[in-house]
Number of protein chains: 4
Amino acid sequence: MQILVTNDDGINAIGIRKLAESLKKIGKVTVVAPDRQRSAIGHAITLHKPLRVDRFEFNDIEIDAWSINGTPSDCVKIAVESILEKKPDVVVSGINDGPNLGTDVLYSGTVSAAIEGAIHNIPSIAISAVGSKEKINYEGAKIYSCKLVKSIIEKDIPNNIIFNINIPALYIEKIKGIKVTELGIRKYKNNYIKRKDPMGKSYYWLAGKLIEIENNKESDVMATESGYISITPLHFNLTNYDFLDEMKNWEL
Amino acid sequence: MQILVTNDDGINAIGIRKLAESLKKIGKVTVVAPDRQRSAIGHAITLHKPLRVDRFEFNDIEIDAWSINGTPSDCVKIAVESILEKKPDVVVSGINDGPNLGTDVLYSGTVSAAIEGAIHNIPSIAISAVGSKEKINYEGAKIYSCKLVKSIIEKDIPNNIIFNINIPALYIEKIKGIKVTELGIRKYKNNYIKRKDPMGKSYYWLAGKLIEIENNKESDVMATESGYISITPLHFNLTNYDFLDEMKNWEL
Amino acid sequence: MQILVTNDDGINAIGIRKLAESLKKIGKVTVVAPDRQRSAIGHAITLHKPLRVDRFEFNDIEIDAWSINGTPSDCVKIAVESILEKKPDVVVSGINDGPNLGTDVLYSGTVSAAIEGAIHNIPSIAISAVGSKEKINYEGAKIYSCKLVKSIIEKDIPNNIIFNINIPALYIEKIKGIKVTELGIRKYKNNYIKRKDPMGKSYYWLAGKLIEIENNKESDVMATESGYISITPLHFNLTNYDFLDEMKNWEL
Amino acid sequence: MQILVTNDDGINAIGIRKLAESLKKIGKVTVVAPDRQRSAIGHAITLHKPLRVDRFEFNDIEIDAWSINGTPSDCVKIAVESILEKKPDVVVSGINDGPNLGTDVLYSGTVSAAIEGAIHNIPSIAISAVGSKEKINYEGAKIYSCKLVKSIIEKDIPNNIIFNINIPALYIEKIKGIKVTELGIRKYKNNYIKRKDPMGKSYYWLAGKLIEIENNKESDVMATESGYISITPLHFNLTNYDFLDEMKNWEL
């Protein structure tokens, strides 16, 4: 099995190395990832400048790897179109340092890389570790990444589906199980801090503080809060079909 | 009516000025837009650096305006959270220089700005001019922008819906009418050109050539190709509910 | 006389417009300047990515102008090599918003643009307005810019000399006169503020506070502090000839 | 001896690792370098955004190291002001991948880092390997780097002097010796290639082709062309004292 691995934290992040190591057991892994942090980049792609594709060496694991001065979506595009000899059997993006839950998946580079895979008709999986930034524990996430990728790929998956997996950043024995979920809601308040820089000029810096919201029991937010791994199937068709019918009666 | 106007081509683009001028007739317009080209930026937001908010003067129209060194989504976020005194009644993003149709809306900064508005529970509209880059004609688009924004806002619109409008870049008498559509499909081939820079180092540059695909008659792609204005209602919930039920039977 | 005007504050800055307007009286002005703020960029040039050259329109003055997504040195290089039909008779860079005095000229994009002109054997002049950022007054600077450029160009100037002019940001009647000076010394202390960003990650921000140093009476620092315009002739040969002879006796 | 090592090719470049390894023999080495390629950046410093300082691990050598998202000058400034407990005894910048000779030192990030050291009254040395980019050989450069740094530091060096060293990229037995030199002249022609990007928009890319010029025998250019190591003492006082006296007689 050919596995394309990418992420949005950059090729030097711990999470992608854990993921690549873990997936080596079940297939031939190729890493193509951004040369640096690209989180919250959403589905950005690079149109207006050329991209550089450089060979990358992980120091202690033998894996074909390239770093690119682009976004996660750029990486999947270039990997599929220009680097890999044949289409990979699966795209796996992660392990992200932090959750990608609910409304926040719209901003997520990790998830967007998986969406890009699905656009190319490749089964695609995004994996994130849900924990406090200070001391993220990838042990459980690493073991479950391999197990879940294997398990999902063996199913009969229709085209254009993305699996968004969030794994509590805990030791494996503390993880309670797996839940299939829908996206919950994430809201923030007091979004911008306004300060002055050392030259006296104002700036704004995003400082979203999560608001506690009662989330649906079936949501990814609730599943991970209760210590479960959350798997949410995603699509990327933004047409609002429910409203489409009503609109057809509109006079415009 | 308070109208927030933004775009992804940058505050110096012709399209945003046409839009602002046009909407002045129906409300109080405030422009908050990126300081430069940010197309194909998708739903990126800026987390890792501070943002600058600068007063901007259009030379011949009197409109409150700010430019920001961020993405379209950043602009809507900051405008709503920190610049405007009260929530605007509508967010209008555009007029984009080129189409935002079908699969491509995922990459669109224009559409993402409107999605950001909808996340804040503000009715939001993305407007793009569909034409050849060389000599885009904004006349029809300008007149219809005002007409359609007014008409949509007067309806009873549920929360979290975005209207994605694509207007042929033609004189108004050449536009055949308005169609309510769903997103079509856009596929590209030979995506990357590989060349050497003057120092002899390789680079890749995205060069997507659109593949002709038979699109659904109901699609935005077909509507605009036939000379109609396309309006597609969008949502931003990526949960694949259809597949969710099947997945609940999976053994993982 | 063909005059090339550039700066490092970007083509939208007030200073460059004042300068261009002022120099129109004595020659044919062409503006080629960075598309945005590039201060403290020193003599950087852009090697690893392509540059975009876009036509720019000043709204109320008729001047040929281009904006470039590069540094001040890039602008002079491209203007001379690829935009202008013939070599300009003089390169004038400014009017910078703030002083370029003493040691600080090493970091100055304004001065570097003039150095780039001198490298091309074109007489080159850097002009800066010395005042508090809050309410810089360009009136005196604008009038003297024209007067001094005219006066300098009429002299017999050897190749490879740059004139670094600092003008107090005052009304013209408050300016006491002109002094020919040498570069003084500028020292800063407590150079970096260390803070945490909204995500709790540390960052450093340059916050140089000028140390009061007793400067030579002949220095540019002293001249401007006393209300005089300072003109310093600069060269760009960094060889330390004085020490070269001593070093020749070294055993290495 | 405390040695601060930096460069402009970025902390992942081969040259800086060779240099750090080599200098470990004669002192305590700390590496503080840009997180990525910053060549041709000149003396740029970062004023308008915060800088990130991250711990960096070389995989097989034990050296204290930090990477910074800034320029070479930023790295020296932060290292001296905020990272190192006491002022280093010497700043060594390199080993640059390619020459820094003649006029080109003005653009060099490698040399500017050394100038920044000298501004802080620290003896400072820039080291570059002169060879074809394809297969740069650092062996001779590595051995001589250590030897020359040691030899220079033992001399009695006045403040504010920078040593600019260019070493042929050859095996050590092919290097003919050491010459104390002055900066030569480097001129380029046909500086910009103009092309169209895949969207049909023009761009310019710097493509300087070196012009053969008869250089002074005493120049760094000639020394390295003949297989010698070149050492040039530099200063950073740009005042043109020779011309200053003449100018004092000018009527302005």
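Cut-offs applied
- Residues numbered from 1 in each chain as written.
- Chains lettered and ligands numbered in written order.
- Predicted model: local features only at pLDDT ≥ 70, side-chain atom pairs only at ≥ 80, totals over all residues.
- Heavy atoms only, no water.
- Pairing = 2+ DSSP bridges.
- Helix = DSSP H or I, 4+ residues; strand = E, 2+ residues; numbered from the N terminus.
- Axes fitted to C-alpha atoms, helices over the stretch in contact; angles between N-to-C directions.
- Contact = heavy atoms within 4.5 Å.
- UniProt positions renumbered as here; feature names shortened; annotations may be inferred.
- Buried < 20%, exposed > 50% of the residue type's maximum accessible area, 1.4 Å probe, protein only.
- Polar contact = N/O pair within 3.5 Å; in protein donor to acceptor, adjacent residues only side chain to side chain.
- Least-squares fit on C-alpha atoms with pLDDT ≥ 70 in both.
- Parallel < 35°, antiparallel > 145°, perpendicular 65-115°, else oblique.
- Left-handed = near helix turned anticlockwise from the far one by under 90°.
- Nonpolar A, V, L, I, M, F, W, Y, C, P; charged D, E, K, R; others polar.
- Buried area = accessible area lost by both parts, 1.4 Å probe.
- Salt bridge = Lys/Arg side-chain N within 4 Å of Asp/Glu carboxyl O.
- 1 Å grid on protein atoms, 1.4 Å probe; cavity = no way out; pocket = protein on both sides within 12 Å on 5 of 7 lines; lining within 4 Å.
- Points joined across faces, edges and corners; volume = space filled by probe spheres on them.
- Phe/Tyr/Trp six-rings, centres within 6.5 Å; stacked < 30°, edge-to-face > 60°.
- Lys NZ or Arg CZ within 6 Å of the ring centre and 35° of its normal.

**What to know about the sheet that holds strand β7 (residues 162-168) of chain B**
All names here are of chain B.
For step 1, the next point in the chain: One open sheet holds the nine strands; their spatial order is β3-β4-β2-β1-β5-β6-β7-β13-β8, and the pairing between them is mixed. Whereas interior strands pair on both sides, the edge strands pair on one side only; in this sheet they are β3 (53-55) and β8 (177-180). Here the strands of the sheet are splayed against their neighbours by 20° on average, with no regard to which way each runs.
For step 2, the next point in the chain: The strands touched by helix α1 (residues 14-23) within the sheet are β1 (2-6), β2 (28-34), β5 (90-97) and β6 (124-130), with β5 carrying the most contacts at an inclination of about 140°.

**Concerning the UniProt feature "binding site: a divalent metal cation" (unreviewed entry) in chain A**
For step 1, the next point in the chain: UniProt records the feature "binding site: a divalent metal cation" (unreviewed entry) at D8(A), D9(A), S39(A) and N96(A), using the numbering of this structure. Sequence-wise these annotated residues cover 89 residues; spatially they are packed, their C-alpha atoms never more than 9.1 Å apart.
For step 2, the next point in the chain: Judged by its relative accessible area of 2%, D8(A) falls in the buried class.
For step 3, the next point in the chain: Those residues in contact with D8(A), other than ones at most four positions away along the chain, are R36(A), Q37(A), R38(A), S39(A), A40(A), P72(A), N96(A), S108(A), G109(A) and T110(A).
For step 4, the next point in the chain: Within the element layout of this structure, S39(A) appears in the loop between β2 (28-34) and β3 (53-55).
For step 5, the next point in the chain: Look past the residues within four positions of S39(A) in its chain and what remains in contact with it is D8(A), D9(A) and H48(B).
For step 6, the next point in the chain: A distance of 2.9 Å separates polar atoms of two side chains, one belonging to S39(A) and the other to Q37(A).

**Things to note about the relation of the copies chain C and chain D**
For step 1, the next point in the chain: Superposition of chain C onto chain D requires a rotation of 180° combined with a translation of 0.0 Å along the rotation axis, giving an RMSD of 0.0 Å. Read as a symmetry element, the transformation amounts to a two-fold axis.
For step 2, the next point in the chain: The fraction of interface residues of chain C whose copies in chain D are also interface residues reaches 100%, indicating that both copies meet through the same surface.

**Brief notes about the packing of helix α2 (residues 72-83) of chain D against helix α3 (residues 109-119) of chain D**
All names here are of chain D.
For step 1, the next point in the chain: One can describe the packing of α2 onto α3 by two numbers: an axis separation of 8 Å at closest approach and a directional angle of 25°. Compared by their axis directions, α2 and α3 come out roughly parallel. Here α2 runs over α3; the crossing is right-handed. Contacts from P72, S73, V76 and K77 in α2 reach G109, S112, A113, E116 and G117 in α3.
For step 2, the next point in the chain: Its residues assigned to classes, the contact of α2 with α3 comprises three nonpolar, four polar and two charged.

**Here's the deal with the relation of the copies chain A and chain B**
For step 1, the next point in the chain: Relative to chain B, chain A is turned by 180° and slid 0.0 Å along the rotation axis, the superposed coordinates differing by an RMSD of 0.0 Å.
For step 2, the next point in the chain: Comparing interface residues between copies, 100% of those in chain A also sit at the interface in chain B, which points to an isologous, same-surface contact.

**Looking at the interface of chain C and chain D**
For step 1, the next point in the chain: Tallying the contact residues gives 74 residues for chain C and 74 residues for chain D.
For step 2, the next point in the chain: In total, chain C and chain D occlude about 7000 Å² of area from one another, counting both sides; carbon and sulfur atoms represent 63% of this.
For step 3, the next point in the chain: Considering only the surface of chain C that becomes buried against chain D, Y204(C), L238(C) and L252(C) emerge as the three largest contributors, covering 12% of it.
For step 4, the next point in the chain: Our enumeration of links across chain C and chain D arrives at six salt bridges.
For step 5, the next point in the chain: Among the salt bridges present, the one from D54(D) reaches K201(C), with a minimum N-O distance of 3.6 Å.
For step 6, the next point in the chain: Counting across the interface, chain C meets chain D through 32 residue pairs in polar contact (both at pLDDT 80 or more).
For step 7, the next point in the chain: Of all the secondary-structure elements, those providing two or more residues to the side of chain C that touches chain D are β3 (53-55), α2 (72-83), α3 (109-119), α4 (139-153), β8 (178-180), β11 (202-206), β13 (229-234) and α6 (241-248) of chain C.
For step 8, the next point in the chain: Looking at the side of chain C that touches chain D residue by residue, the classes come out as 39 nonpolar, 19 polar and 16 charged.

**What about unusual backbone geometry?**
Residues and elements named next belong to chain A.
For step 1, the next point in the chain: The omega angle of the peptide bond from G94 to I95 is -15°, so this bond is cis rather than trans.
For step 2, the next point in the chain: Looking at where I95 falls in the secondary structure, it is placed in strand β5 (residues 90-97).
For step 3, the next point in the chain: Phi at N121 is positive, roughly 60°, even though this residue is not glycine.
For step 4, the next point in the chain: Within the secondary structure, N121 is located in the loop between α3 (109-119) and β6 (124-130).
For step 5, the next point in the chain: The partly exposed category is assigned to N121, whose relative accessible area is 29%.

**Here we look at the layout of surface pockets**
For step 1, the next point in the chain: If you add up the space inside the second largest pocket, you get close to 690 Å³.
For step 2, the next point in the chain: Considering the residues around the second largest pocket, the lining is formed by 30 residues, among which T103(C), I185(C), K187(C), I119(D) and F236(D) are closest to the centre.
For step 3, the next point in the chain: Residue assignment for the lining of the second largest pocket shows that the elements contributing at least two residues are β9 (187-189) of chain C together with α2 of chain D.
For step 4, the next point in the chain: Here the element with the most residues in the lining of the second largest pocket is α2(D); it accounts for three residues.
For step 5, the next point in the chain: Class assignment of the residues belonging to the lining of the second largest pocket gives a composition of 10 nonpolar, 13 polar and seven charged.

**Thoughts on the environment of F243(A)**
For step 1, the next point in the chain: Note that F243(A) resides in helix α6 (residues 241-248).
For step 2, the next point in the chain: Excluding residues that lie within four positions of it along the chain, F243(A) makes contacts with W250(A), P158(B), I161(B), F163(B) and P233(B).

**So, the packing of aromatic side chains**
For step 1, the next point in the chain: Following the criterion strictly, the structure yields 24 aromatic pairs over all chains and no others.
For step 2, the next point in the chain: With a centroid separation of 6.2 Å and an interplanar angle of 70°, the aromatic rings of F163(A) and F243(B) are classed as edge-to-face. Here F243(B) lies in helix α6 (residues 241-247) and F163(A) lies in strand β7 (residues 162-168), a pairing that spans two chains. Each member of the pair, F163(A) as well as F243(B), carries the same accessibility label: buried.
For step 3, the next point in the chain: A network of ring pairs unites the aromatic residues Y203(A), W205(A), Y203(C) and W205(C) as a single cluster.
For step 4, the next point in the chain: Cation over ring: K179(B) sits above Y228(B), and NZ or CZ is 4.4 Å from the ring centre.

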